[in-house]
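Listed below, chain by chain, are the residues.
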Amino acid sequence: MSFQCYTSRTSMRSTLTGGLFISADGSQRIIPDHWLVQAELLNGSRLLRLSYSFCTIEVSGRNLDPIFEDAGIGKLGAVQASASEKMPSEQLWVTNIIVVAPPEPPSSASEQEYFDA
């Protein structure tokens, strides 16, 4: 039985208008294409950082180039992390998907005094 970590939007039979991210635990997120600000491929195609207007998604794995290319043209498909520890060599494989929320802005001293009163 084969496992597919990425399905391009052209291969999907849906009207998806954003990237679908499926974690190893089965939780899913759809993020509209127009919220994507920047895509970076790092560490020899082992880390894909997608910066959206409200968060950053880091996809780690191997040979992530096809996902990066689709993100670059605004047509990201379905990205699924595998719980399996066996990684086929030389083919695309997603091991982890992490959502990083932006840091909370620091509150000023006057706001703290107001809320503590």
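Keep in mind that what you see is a predicted model, and the values were worked out from it rather than measured.

Draft legend 1. Representation of the environment of Y6 in the model. Within the fold, Y6 resides in strand β1 (residues 6-7). By relative accessible area, which is 9% here, Y6 ends up buried. Spatially, the C-alpha atoms of Y6 and L76 are 9.5 Å apart, while their sequence positions differ by 70 residues. There is a polar contact of 2.6 Å between the side chain of Y6 and the side chain of D70. A distance of 3.0 Å separates a polar side-chain atom of Y6 from the backbone nitrogen of G77.

Draft legend 2. Quick peek at the nonpolar core. Residues F21, V59, I67, L76, V79 and V94 are the most contacted members of the largest nonpolar core, which totals 20 residues. Those elements giving two or more residues to this core turn out to be β5 (47-52), β6 (56-62), α1 (65-72) and β8 (93-100). Once residues within four sequence positions are removed from consideration, V94 is found in contact with C5, V59, S60, G61, L64, I67, V79, Q80, A81 and S82.

Draft legend 3. Focus on the sheet that holds β6. The 4 strands lie next to each other as β4-β5-β6-β8, forming an open sheet whose pairing is antiparallel. Edge positions in the sheet fall to β4 (36-42) and β8, since each has one partner strand and no second. Shown here is a sheet whose adjacent strand axes are inclined to one another by a mean of 15°, direction ignored. Here 5 bridges tie β5 to β6, and the two strands are oriented antiparallel to one another. Across the sheet, residue L48 finds its bridge partner in β6, namely V59.

Conventions and cut-offs
Starting from 1, residues in each chain are numbered consecutively following that chain's sequence as written. Two thresholds apply to this predicted model, a pLDDT of at least 70 for residue-level local features and 80 or more for giving and counting side-chain atom pairs, whereas whole-chain, interface and lining totals are computed over all residues. To get the side-chain values, take all heavy atoms of the structure and skip hydrogens and water. Only DSSP runs of H or I with at least four residues qualify as helices, and only runs of E with at least two residues qualify as strands; both kinds are numbered from the N terminus onward. Only protein chains enter the accessibility calculation, which uses a 1.4 Å probe; a residue whose area is less than 20% of its type maximum is buried, one above 50% is exposed, and one in between is partly exposed. Contacts described as polar in this section are N or O atom pairs within 3.5 Å, which, within protein, must combine one atom able to donate a hydrogen with one able to accept it, while residues neighboring in sequence count only if both atoms come from side chains. The criterion is simple. A nonpolar core is a set of buried Ala, Val, Leu, Ile, Met, Phe, Trp, Tyr and Cys residues joined through side-chain atoms within 4.5 Å. In what follows, a contact means two residues having at least one pair of non-hydrogen atoms within 4.5 Å. Two strands pair under a simple rule: DSSP has to find at least two bridges between them. Interaxial angles span 0 to 180 degrees and are taken between N-to-C directions of axes, which are lines fitted to C-alpha atoms, for helices over the stretch in contact.

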